[in-house]
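# Per-entry structural report
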Amino acid sequence: MTSPATSPDDRTGAAPAPTGPLSKIDYSERIPNNVNLADDRRLQRALEGWQPKFIDWWKTLGPALPTKDVYLRTAVAVGRDGWAHFEHVPMEEYRWGIFLAEQNPDRTVSFGKHKGEPAWQEVPGEHRADLMRLIVVQGDTEPASVEQQRVLGNTAPSIYDLRNLFQVNVEEGRHLWAMVYLLHAYFGREGREEAEQLLKRNSGDIDAPRILGAFNEETTDWLQFFMFTYFTDRDGKYQLGTLKESAFDPLARTCEFMLKEEAHHMFVGTTGVQRVVERTAELMKEHGTDDIWEHGGIPLSVVQKYLNFQFSVSMDLFGSEQSTNAGNYYSSGLKGRWQETRRKDDHVLLEDTREMNYVEDGEIRQRTVPTLSALNLDLRDEYVADCANGVRRWNQALEDAGLEERLILPHEGFNRRVGVYAQHHVSPEGEVLDDAAWQAVVDGYLPSAEDRAAVAALMVPEYELGKFAGWIAPPQAGINDQPVEFDYVHLAEEGVA
Ligand SMILES: [Fe+2]
Ligand SMILES: [Fe+2]
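To keep things clear, this report deals only with the structure shown in the data block. What you see is a predicted model; the values in this text were computed from it and never measured.

This next bit is on the packing of helix α3 (residues 159-186) against helix α4 (residues 188-200). Across the interface, α3 lies against α4 with an axial gap of 7 Å and an inter-helix angle of 155°. When the interaxial angle is binned, α3 and α4 end up roughly antiparallel. Each of Leu176, Val180, Leu183, His184 and Tyr186 in α3 lies in contact with α4, whose residues at this interface are Gly191, Arg192, Glu194, Ala195 and Leu198. A breakdown of the residues in the contact of α3 with α4 according to their chemical character gives 6 nonpolar, 2 polar and 2 charged.

If you look at the biggest cluster of nonpolar residues, it comprises 112 residues, and the most contacted ones within it are Val180, Met227 and Val276. At 15 residues, the largest contribution of residues to this core is made by α3.

With that settled, consider the pairing of strand β3 (residues 353-360). Along any regular strand, the residues point their side chains to alternate faces of the sheet. In this sheet, strand β4 (residues 363-370) lies alongside β3 in antiparallel orientation, the contact comprising 8 bridges. Of the residues in β4, the one forming a bridge with glutamate 355 is threonine 368. The turn linking β3 back onto β4 is made up of 2 residues, and aspartate 361 within it adopts a positive phi angle of 50°.

Note on sheets: strands pair through backbone hydrogen bonds, and any given pair is parallel or antiparallel. Spatially, the 3 strands line up as an open sheet ordered β2-β1-β7, and their pairing is antiparallel. One side of each edge strand has no neighbouring strand; the edge strands of this open sheet are β2 (84-89) and β7 (489-491). Neighbour-to-neighbour, the strand axes of the sheet open up by a mean angle of 15°, direction not taken into account. Relative to β7, strand β1 (residues 67-75) is paired through 3 bridges, and the arrangement is antiparallel. Pairing of aspartate 69 across the sheet is with histidine 490, part of β7.

Okay, unusual backbone geometry next. Positive phi is not limited to glycine here, since histidine 347 has a value of about 60°. Mapping histidine 347 onto the fold places it in the loop between α8 (324-332) and β3. Backbone geometry at aspartate 481 places phi at a positive 65°, although glycine is not the residue there. Relative to the helices and strands, aspartate 481 resides in the loop between α11 (449-458) and β7.

For α3, built from 28 residues, the straight-helix expectation of 40 Å at 1.5 Å per residue is met to within 8% by its first-to-last C-alpha distance of 41 Å. Most of α3 is tucked away: 26 of the 28 residues are buried. Within two residues after α3, glycine 188 carries a phi angle of roughly 55°, on the positive side.

The next thing to look at is the packing of helix α5 (residues 222-243) against helix α7 (residues 300-316). Running from N to C, α5 and α7 cross one another at 30°; their axes reach a closest spacing of 9 Å. Considering the angle they form, α5 stands roughly parallel to α7. Viewed along their axes, α5 and α7 form a crossing whose handedness is right-handed. Contact residues: α5 offers Leu223, Gln224, Met227, Phe228, Phe231, Thr232 and Asp235, while α7 offers Tyr306, Leu307, Gln310, Phe311 and Ser314. For the contact of α5 with α7, a count of residues per class yields 7 nonpolar, 4 polar and 1 charged.

This part takes up helix α1 (residues 41-61). Spanning 21 residues, α1 covers 30 Å between terminal C-alpha atoms, matching the ideal 30 Å at 1.5 Å per step. When we look at burial in α1, the residues that qualify are Leu47, Trp50, Phe54 and Trp58.

Looking at the element boundaries, aspartate 290 is found in the loop between α6 (249-287) and α7. Since 14 C-beta atoms lie within 10 Å of it, aspartate 290 is described here as partly exposed. Between the C-alpha atom of aspartate 290 and that of leucine 446, which follows or precedes it by 156 residues, the distance is 18 Å. Excluding its chain neighbours within four sequence positions, the residues that come into contact with aspartate 290 are Met284, Pro299, Leu300 and Ser301.

Attention now goes to the environment of glutamate 351. Along the polypeptide, glutamate 351 turns up in the loop between α8 and β3. Assessed through the 10 C-beta atoms surrounding it within 10 Å, glutamate 351 is described here as exposed. Spatially, the C-alpha atom of glutamate 351 lies 37 Å from that of glutamate 194, the residues being 157 residues apart in sequence.

What counts as what
- Residues numbered from 1 in each chain as written.
- Chains lettered and ligands numbered in written order.
- Predicted model: local features only at pLDDT ≥ 70, side-chain atom pairs only at ≥ 80, totals over all residues.
- Axes fitted to C-alpha atoms, helices over the stretch in contact; angles between N-to-C directions.
- Helix = DSSP H or I, 4+ residues; strand = E, 2+ residues; numbered from the N terminus.
- Parallel < 35°, antiparallel > 145°, perpendicular 65-115°, else oblique.
- Contact = placed C-beta atoms within 7 Å.
- Nonpolar A, V, L, I, M, F, W, Y, C, P; charged D, E, K, R; others polar.
- Core = buried A, V, L, I, M, F, W, Y, C linked by C-beta atoms within 7 Å.
- Buried ≥ 20, exposed ≤ 12 C-beta atoms within 10 Å, placed from the backbone.
- Pairing = 2+ DSSP bridges.
- Expected span 1.5 Å × (residues − 1).
- Left-handed = near helix turned anticlockwise from the far one by under 90°.

Functional significance is not addressed by these values, which are geometric in nature.
Structure (structure tokens):
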């Protein structure tokens with residue numbers, strides 16, 4: 001999943017190739033599912049009790065732009081024969097449901113001290129609190145992003161982009177369902193209470209904010225939305241990748257299916273930023289200047305600042321480089337490494353060491369640490385390598401346009417609030433700066449209020465089919481083999497019967 005040529009980023013919103021045998025989803029139920037919910041009346045009733053609260057939340061804090069219907073992808077199966085179909089549906093009637101990847105009855109734990117033992121179908125008492133916490137933290141990010149993106153529909157650069165925003169939003173809503181199912185099914189009364197809280201905390205709320213910092217930042221404009229889906233959804237992809245390895249099988253299967261949906265979110269980010277860069281390059285060439293504000297484009301320097309910001313806040317989501325919790329989660333089998341089964345080591349890591357950076361005397365140095373203590377860093381390194389693929393791709397667009405300018409992925413220490421760099425200032429190029437030097441240059445690194453206001457001023461909606469706002473290039477193809485000018489969204493005021 002990490003090489004650019006084969007990455008899901010390259011897929012254009014069609015269904016990713018499914019794995020495993022066909023497993024039909026039951027749509028005759030109030031809550032579509034492939035977990036035989038009808039056989040467990042108690043659980044079904046509990047989830048049916050939560051459902052209207054979710055719909056209330058969606059209507060209050062979900063997409064603000066009134067629409068009649070949207071051309072959306074809905075999961076129909078989790079198996080080999082394809083898993084999704086597309087149709088126009090009113091968004092509040094989207095069939096949010098519970099879909100787990102197919103069970104492999106022979107699955108064993110692939111790492112930690114339980115390596116080789118059968119995967120767990122129930123939660124072991126000793127790991128109950130930790131597993132619940134992992135699920136709650138993951139679950140909290142899903143509705144948070146919907147809240148952050150609530151008003152973006154009002155300024156969509158096209159109907160095509162509007163549809164992609166809503167697709168991401170409904171699927172993040174479904175990811176909340178995925179976590180709430182686990183809480184209800186496996187964690188009893190406490191789990192049900194946590195499920196309630198997932199709708200009560202809200203992004204940016206002073207009294208009850210979302211758990212993680214990046215999910216309380218406002219998504220102010222579409223450039224930030226594309227950076228968010230590129231960098232922050234990608235953090236989600238990597239977190240899900242570690243939970244997909246979990247010894248707790250229902251969690252592993254849940255995350256495996258979520259990752260299929262997540263691929264489209266990556267696609268929206270990668271191609272969204274790419275289209276901005278393409279348009280910027282076009283305007284730079286046409287007018288022979290970097291300063292393309294007055295020509296209705298976003299200067300490359302501002303694209304770079306947005307990139308710097310979103311990358312650095314997303315890096316903080318991985319936590320401290322060294323973490324006893326992460327090591328314990330690994331040893332206990334709760335959370336594996338990215339592509340655990342493809343790693344060529346003993347999958348126990350008691351003896352292994354690795355290098356890690358830290359800052360001392362104004363410079364970045366390295367020290368050797370136990371691998372088990374630095375698993376957050378292990379995951380973050382995988383993430384950074386993946387992020388670099390997008391930057392290469394965007395730079396290819398600049399090169400293809402015949403421009404010398406390039407975007408860079410900032411140094412891992414840039415603008416960090418968490419971990420070994422938190423008390424230091426590091427430039428995007430990796431130079432350690434003192435306070436005064438940092439203050440003198442920071443406006444060149446991060447979007448200023450003026451930058452954000454100038455980007456916001458370009459965000460005028462373009463709702464005419466097949467037309468695109470002037471700051472972004474059209475995509476190369478439509479969604480699910482439909483033309484780019486397809487009627488992906490019917491707005492409420494169109495008055496379509
Ligand atoms: Fe998600
Ligand atoms: Fe996502």
